[in-house]
There are 2 protein chains.
Amino acid sequence: MTTKEYTKILREHGIRPSVQRIAVYDYLWKHRTHPTAEEIFTALAPSIATLSRTTIYNTLRLFTEKGAAQMITIEEKEMRFDVLTEIHGHFKCSHCGSIRDFTLGGDSIQKYLPENARGEAFQVYVHGTCADCAAKGK
Amino acid sequence: MTTKEYTKILREHGIRPSVQRIAVYDYLWKHRTHPTAEEIFTALAPSIATLSRTTIYNTLRLFTEKGAAQMITIEEKEMRFDVLTEIHGHFKCSHCGSIRDFTLGGDSIQKYLPENARGEAFQVYVHGTCADCAAKGK
DNA sequence: ATTATTTTTGTAATGATTTAAATTTTAAAG
DNA sequence: CTTTAAAATTTAAATCATTACAAAAATAAT
């Protein structure tokens, strides 16, 4: 993925690209660990001398509003973010702390919704023990 | 539901009953609106003169740990709570703000989990338009 | 160039939740 | 029924992620 491609994607979402926005998008694209605003800030600050936390928050909010990213509330304390916007589940391992994606059947949730209710955004969170930790006997 | 019955349920969860704990449990039992700690505090404070917010937070955390209630993070800002601990989904209407439960098939999520991962807690959140609001043309 | 608009920045404020320490309540033991 | 220990509650202060605000900088439009 090149900067030009990020620029194009952002524009397609109605987001005017800027150095900061491209950097955040690039970071999300390359780090599928569902980072927090703070993690993104810490990672990018060295390369963008004047970067401020507020910009990170503004940018993430903008991405979320425009559908270029998704906000994850699997943890109480802090928001996490994901460039993957198609419906999928998040699995958090309570031993190693990792948060991983898993795919869901397309109709998996929709079919359970009350009659005549319109579901517009779906979030599925599972807490448990991941395969790696289970293999270690956790 | 009488105080005696609440007492019994709390004991079954390893929670020593107290005036405050019974009051919180009673509130959760009677108000299936997924209230916040603040809402519970505001509702109970008049009847328990010395009640403090910390007690509400302590109590809700205890209930969650002991499995007598469930913590809901469907909203970024604040935690919400639910006495219903069986697996079920939460639907938040973005028009009227109500958060309602909906039932999920038992295997609905489990079957999508990665091989060998153990799911221990499941949360399903859907944001959208509820049937009532949809009927009003929202 | 000049002006208007958008974006970024820094700082201060907000507000939900937690911590820590003191006090009160409850339970246990003699 | 006292005394003592343990648990629960309270109060006030602290934390910390996020937001609000206003100024400065960058970008686009005229």
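It should be emphasised that the depicted structure is a prediction, and the values quoted were computed from it without experimental measurement.

Undergrad: Would you mind showing me how to read the overall build of chain A here?
TA: When you go through chain A residue by residue, the secondary structure sums to five helices and five strands. Beginning at the N terminus, the succession of helices and strands in chain A can be written as α-α-α-α-β-β-β-β-β-α. Here the C-alpha coordinates of chain A stretch approximately 45 × 45 × 30 Å along the principal axes. Residues counted as buried form 28% of the 138 residues belonging to chain A.

Undergrad: I keep staring at the protein's contact with DNA strand D and nothing clicks. Help me out?
TA: In the vicinity of DNA strand D lie 22 residues, with Met79(A), Ser18(B), Gln20(B), Thr54(B) and Thr55(B) positioned nearest. Elements supplying a minimum of two residues to the surface near DNA strand D: helix 3 (37-44) and helix 4 (53-66) of chain A together with helix 2 (19-30) and helix 4 (53-66) of chain B. Counted by class, the surface near DNA strand D contains five nonpolar, 10 polar and seven charged residues.

Undergrad: I keep staring at the interface of chain A and chain B and nothing clicks. Help me out?
TA: By a frequent convention, interface size equals the accessible area lost on bringing the separate parts together. With 32 residues of chain A at the interface, the matching set in chain B holds 32 residues. Of all the secondary-structure elements, those providing two or more residues to the side of chain A that touches chain B are strand 3 (88-93), strand 4 (99-103), strand 5 (118-129) and helix 5 (131-135) of chain A. Tallying contributions element by element places strand 5 of chain A first for the side of chain A that touches chain B, with 12 residues. Taken together, the residues of the side of chain A that touches chain B break down into 17 nonpolar, 11 polar and four charged. Bridge analysis of strand 5 of chain A against strand 5 (residues 118-129) of chain B gives 11 bridges, and the strand direction is antiparallel.

Undergrad: Help me understand the relation of the copies chain A and chain B, please; the structure alone is not making it clear to me.
TA: For these two chain copies, the linking operation is a rotation about an axis paired with a shift along it. Least-squares fitting of chain A to chain B yields an RMSD of 0.0 Å, with the superposition described by an axial translation of 0.0 Å and a rotation of 180 degrees. In short, the pair behaves as if placed about a two-fold rotation axis. It is Val124(A) whose C-alpha, among those of chain A, lies nearest the rotation axis, at 2.3 Å. Take the interface residues of chain A: 100% of them recur as interface residues in chain B, which is what a same-surface contact looks like.

Undergrad: Which parts of the structure should I look at to understand the domain arrangement of chain A?
TA: Residue and element names in this part refer to chain A. Under the domain assignment, chain A is made up of domain 1 (3-82) and domain 2 (88-135). Listed per partner, the contact involves five residues of domain 1 and four residues of domain 2. A class-by-class count of the residues in the side of domain 1 that touches domain 2 yields two nonpolar, two polar and one charged.

Criteria and cut-off values
Residues numbered from 1 in each chain as written. Chains lettered and ligands numbered in written order. Predicted model: local features only at pLDDT ≥ 70, side-chain atom pairs only at ≥ 80, totals over all residues. Helix = DSSP H or I, 4+ residues; strand = E, 2+ residues; numbered from the N terminus. Buried ≥ 20, exposed ≤ 12 C-beta atoms within 10 Å, placed from the backbone. Near = placed C-beta within 6 Å. Nonpolar A, V, L, I, M, F, W, Y, C, P; charged D, E, K, R; others polar. Contact = placed C-beta atoms within 7 Å. Pairing = 2+ DSSP bridges. Least-squares fit on C-alpha atoms with pLDDT ≥ 70 in both. Domains from an automatic or database assignment.

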